[in-house]
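# Structure at a glance
If you want the building blocks of each chain, they are given just below.
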Amino acid sequence: MSFKRVAILISGGGSNMVSLVQSMTGDHPARPCLVLSNQADAGGLAKAEAAGVPTAVVDHRPYGQDRAAFEAELIKPILESQADIVSLAGFMLVLTDGFVSQFQGRMLNIHPSLLPKYTGLNTHARALAAGDAEHGCTVHEVTAVLDDGPILGQAFVDVDPGDTAATLASKVLVQEHKLYPQVLRRYAAGDRKPIELR
Ligand code: GAR
């Protein structure tokens, strides 16, 4: 059996990356080939190494506003890893059209809101401020528009009285760790029909 190769891009703790890596065993159609971070101190790097996944770091800071120069470096380890699929998992930089178009139809992202609601940052606080009864997370294909692109799956949580942005974030993260592996598994097998977890 030939596996799809998955490069996972992170910026921080990498809990979603760990859930993806742990899921890619047995009859799963994909295997992790790279964990790549724009932050040298991302906690997820050690976790990837412990799991035996090759890691790389491309620090964005030396490039300042020159996104093209940064992305020209960022793409190198991904191409070297011969990734078939690129999974953004808590990767906190916006990628430009030039980068995204090279992985059109094979790049995924997880976002902590029920898209199209709350693109960008502070999603949990915004859901609370809006008085939403439901909140959650979305896995979608990445296009040149931020937090846009075809939705591949959503997982829901109830917003309870007394929830804060922090409690909501933890509840949503539990769902992220279920949703992303399920979507990736289907996606790697060629199934793009959206799923819903409640
Ligand atoms: C996750 O909640 C993910 O959805 C979010 O960052 C967190 C990363 O946690 N991503 C975004 O906000 C992207 N716009 P992790 O590093 O533990 O997976």
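Predicted model, so just to flag it, every value in this text is computed and none were measured. (Residues numbered from 1 in each chain as written. Predicted model: local features only at pLDDT ≥ 70, side-chain atom pairs only at ≥ 80, totals over all residues. Heavy atoms only, no water.)

## Details of the overall build of the protein chain
A count of helical and extended segments in the protein chain gives six helices and eight strands. Each helix and strand of the protein chain, placed in order from N terminus to C terminus, yields the pattern β-α-β-α-β-α-β-α-β-α-β-β-α-β. For 198 residues, the compact-globule formula gives about 16 Å, and the C-alpha radius of gyration of the protein chain, at 16 Å, lands near that figure. By principal-axis analysis of the C-alpha atoms, the protein chain measures approximately 50 × 45 × 30 Å. Counting only contacts in the protein chain whose residues sit at least 6 apart along the sequence, the fraction spanning at least 24 positions is 61%. With the model as given, the accessible surface of the protein chain reaches about 9100 Å², and the carbon-plus-sulfur share is 55%. Both charge centroids of the protein chain, one from 17 positive and one from 21 negative side chains, sit 5 Å from each other. (Helix = DSSP H or I, 4+ residues; strand = E, 2+ residues; numbered from the N terminus. Rg over C-alpha atoms; globule rule 2.2 N^0.38 Å. Contact = heavy atoms within 4.5 Å. Areas by Shrake-Rupley, 256 points an atom, 1.4 Å probe, with all protein chains shown as cover. Lys, Arg positive; Asp, Glu negative; His and termini not counted. Charge placed at Lys NZ, Arg CZ, Asp CG, Glu CD.)

## What to know about the site of the ligand
Around the ligand lies a shell formed by Gly13, Gly14, Ser15, Asn16, Gly90, Met92, Ile110, His111, Pro112, Leu173 and Glu176. One nitrogen or oxygen atom from the main chain of Gly14 is found 2.8 Å from an oxygen atom belonging to the ligand. Taking Ser15, its side chain carries an N or O atom lying 2.5 Å from an oxygen atom of the ligand. Against a free-state accessible area of 450 Å², the protein chains account for coverage of 81% of the ligand. Every element with two or more residues in the shell around the ligand is listed here: α1 (15–23), β5 (107–111) and α6 (165–188). The class makeup of the residues in the shell around the ligand is four nonpolar, six polar and one charged. (Near = heavy atom within 4 Å. Polar contact = N/O pair within 3.5 Å; in protein donor to acceptor, adjacent residues only side chain to side chain. Nonpolar A, V, L, I, M, F, W, Y, C, P; charged D, E, K, R; others polar.)

## Focus: the sheet that holds strand β3 (residues 55–57)
Here we have eight strands laid out as an open sheet, ordered β3-β2-β1-β4-β5-β6-β7-β8, and mixed in their pairing. In this open sheet, the two strands that pair with only one neighbour each are β3 and β8 (195–197). Between one strand and the next, the sheet's axes are offset by a mean angle of 20 degrees, whatever the strand orientation. As paired strands, strand β7 (residues 151–158) and β8 are joined by three bridges and run parallel to one another. Looking at β8, one finds that Ala155 is bridged to Leu197. Each of β1 (4–10), β2 (30–37) and β3 touches helix α2 (residues 43–50); the most contacted strand, β3, lies at about 155 degrees to it. Contacting β1, β2, β4 (85–88), β5, β6 (134–141), β7 and β8, α6 crosses the sheet at an angle of about 155 degrees to β7. (Pairing = 2+ DSSP bridges. Axes fitted to C-alpha atoms, helices over the stretch in contact; angles between N-to-C directions.)

## Thoughts on the packing of aromatic side chains
By the definition in use, this model includes two aromatic pairs. Summarising the aromatic geometry, the rings of Tyr63 and Phe70 are spaced 6.0 Å apart at their centres and angled 50 degrees between planes, so their arrangement reads as tilted. For Tyr63, a relative accessible area of 27% corresponds to the partly exposed category. (Phe/Tyr/Trp six-rings, centres within 6.5 Å; stacked < 30°, edge-to-face > 60°. Buried < 20%, exposed > 50% of the residue type's maximum accessible area, 1.4 Å probe, protein only.)

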